[in-house]
Amino acid sequence: MTARLLLIDDDARLTGMVGDYLRNAGFEVSTAGNLAQAREALNQGRFELIVLDIMLPDGDGLDFCRWLRGDPRWRHQPVLMLSARGEPMDRILGLELGADDYLAKPFEPRELQARIKALLRRLEPKLDGDEVLRFGRLEIDLAARVARLDGKICDLTSHQFDLLVVLAQSPGRVLSRDQIMDALKGHPLEAFDRSIDVHISRIRAVIEDDPKTPRRVLTVRGAGYVFARKQDADTDAA
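Keep in mind that this is a model prediction, so the values were computed, not measured. Each chain has its residues counted from 1, running along the sequence as written. For this predicted model, a pLDDT threshold of at least 70 governs which residues receive local features, and a threshold of 80 or more governs which side-chain atom pairs are given and counted, while totals over whole chains, interfaces and linings are taken from all residues. Computation of side-chain values covers all heavy atoms of the structure but excludes hydrogens and water.

Asks: Run through the packing of helix 2 (residues 35–44) against helix 3 (residues 61–70), naming residues and quoting values.
Replies: Running from N to C, helix 2 and helix 3 point in directions that differ by 25°, and their axes come no closer than 12 Å. With respect to helix 3, the axis of helix 2 lies roughly parallel. With respect to the hand of their crossing, helix 2 and helix 3 are arranged in right-handed fashion. Across the interface between the two elements, Leu 35, Ala 38, Arg 39 and Leu 42 from helix 2 touch Phe 64, Trp 67 and Leu 68 from helix 3. For this classification, Asp, Glu, Lys and Arg are treated as charged, while Ala, Val, Leu, Ile, Met, Phe, Trp, Tyr, Cys and Pro are nonpolar and the rest, including Gly, are polar. Within the contact of helix 2 with helix 3, the residues separate by chemical class into six nonpolar, no polar and one charged. For every element, the axis is a line fit to its C-alpha atoms; helices are fit only across the contacting stretch, and the angle between N-to-C directions ranges from 0 to 180 degrees. The helix and strand labels rest on DSSP assignments: H or I over at least four residues marks a helix, E over at least two residues marks a strand, and numbering proceeds from the N terminus. The labels follow the angle: roughly parallel below 35 degrees, roughly antiparallel above 145, roughly perpendicular from 65 to 115, and oblique for the rest. Crossing handedness is defined as follows: a turn of the near helix away from the far one that is anticlockwise and smaller than a right angle gives a left-handed crossing, while the clockwise case is right-handed. Only heavy atoms enter the contact rule, under which two residues are in contact if any of them lie within 4.5 Å.

Asks: Account for the confidence of the model for the protein chain, with residues named and values stated.
Replies: pLDDT runs from 0 to 100 and stands for how confident the predictor is about each residue. Residues with a pLDDT of 70 or more make up 89% of the protein chain, whose mean pLDDT is 85. Taking the mean pLDDT of every element in the protein chain, the minimum, 42, falls on helix 8 (residues 189–192) and the maximum, 97, on strand 2 (residues 28–32). This model gives residues 234–238 a pLDDT under 50, and the stretch forms 14 contacts once residues within four places in sequence are excluded.

Asks: Mind laying out helix 9 (residues 196–207), listing which residues take part and the relevant values?
Replies: Each residue after the first adds 1.5 Å to the expected span of a helix. With 12 residues, helix 9 ought to run about 16 Å at 1.5 Å a step, and its terminal C-alpha atoms sit 16 Å apart, in line with that. Burial classes: relative accessible area under 20% of the type maximum marks a residue as buried, over 50% as exposed, and values in between as partly exposed (1.4 Å probe, protein chains only). For helix 9, the set of buried residues is Ile 196, His 199, Ile 200, Ile 203, Arg 204 and Ile 207. Angular distribution of buried residues about the axis of helix 9 spans 140°; they occupy a single face of the element. The arc in question is formed by the directions pointing from the helix axis toward the C-beta atoms.

Asks: Got a sec to walk through the nonpolar core? Specific residues and values, please.
Replies: Definition of nonpolar core: a set of buried residues of the types Ala, Val, Leu, Ile, Met, Phe, Trp, Tyr and Cys, connected through side-chain atoms within 4.5 Å. With 25 residues, the main nonpolar core has Ile 140, Leu 164, Leu 167, Ile 180 and Phe 227 as its most contacted residues. Elements that contribute at least two residues to this core include exactly strand 9 (132–135), strand 10 (138–141), strand 11 (146–149), helix 6 (158–168), helix 9 and strand 14 (224–227). In terms of residues, this core owes the most to one element, helix 6, which gives seven residues. If we skip the residues at most four places from it in the chain, Leu 164 touches Ile 140, Ala 147, Leu 156, Ile 203, Ile 207 and Phe 227. The next biggest cluster of nonpolar side chains, apart from the first, holds 22 residues, and it includes Ile 8, Trp 74, Leu 97 and Ala 99.

Written out as structure tokens, the structure is:
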């Protein structure tokens, strides 16, 4: 799957050059010249990573990062921050506010590309040689098409397993009903059209310790569902 990036910077020359470089490297790149455009882009689509400049004409990138981390829809959105100021305190503040990486301007596009790839790799779910997604006590075996909790097979239909995989392959990212439907193209419409919430409830019934207070598949009110990166208190998930 091609990773979608949102590049937020008011320097049109820079975004044009860097955007073309990243597209040639295989990424799908959208650009925003200010924070208003960035919010509009986020409301219209899903991105695997945001490249965010600190100094923008209608606000501060640090404040925008704080806003992202405070909104359940984008709380887990990966962010790589840029700054021409190069002050150590800017870097510290950016990382403390939730940025996943930081790159000072000027920079080589090749280094930005390398950092983006490294960050995306780091945020991918853990996948072993047998194609098993592991999230603490929960394992999702893609080849065998079974999910296991504490080693015991979970009773899921084929449709429910596919829905669980869609969520688990984007841990920490809120997926709307439309995005889930798009990922499940090819399934009979009657299986998913108006009943995603029912399937989610059934999935929770077999993978959650307490389905009424889920820790794996979470609802983000008014936005969709998110598969939690960290699910068990005693272990780190992907």
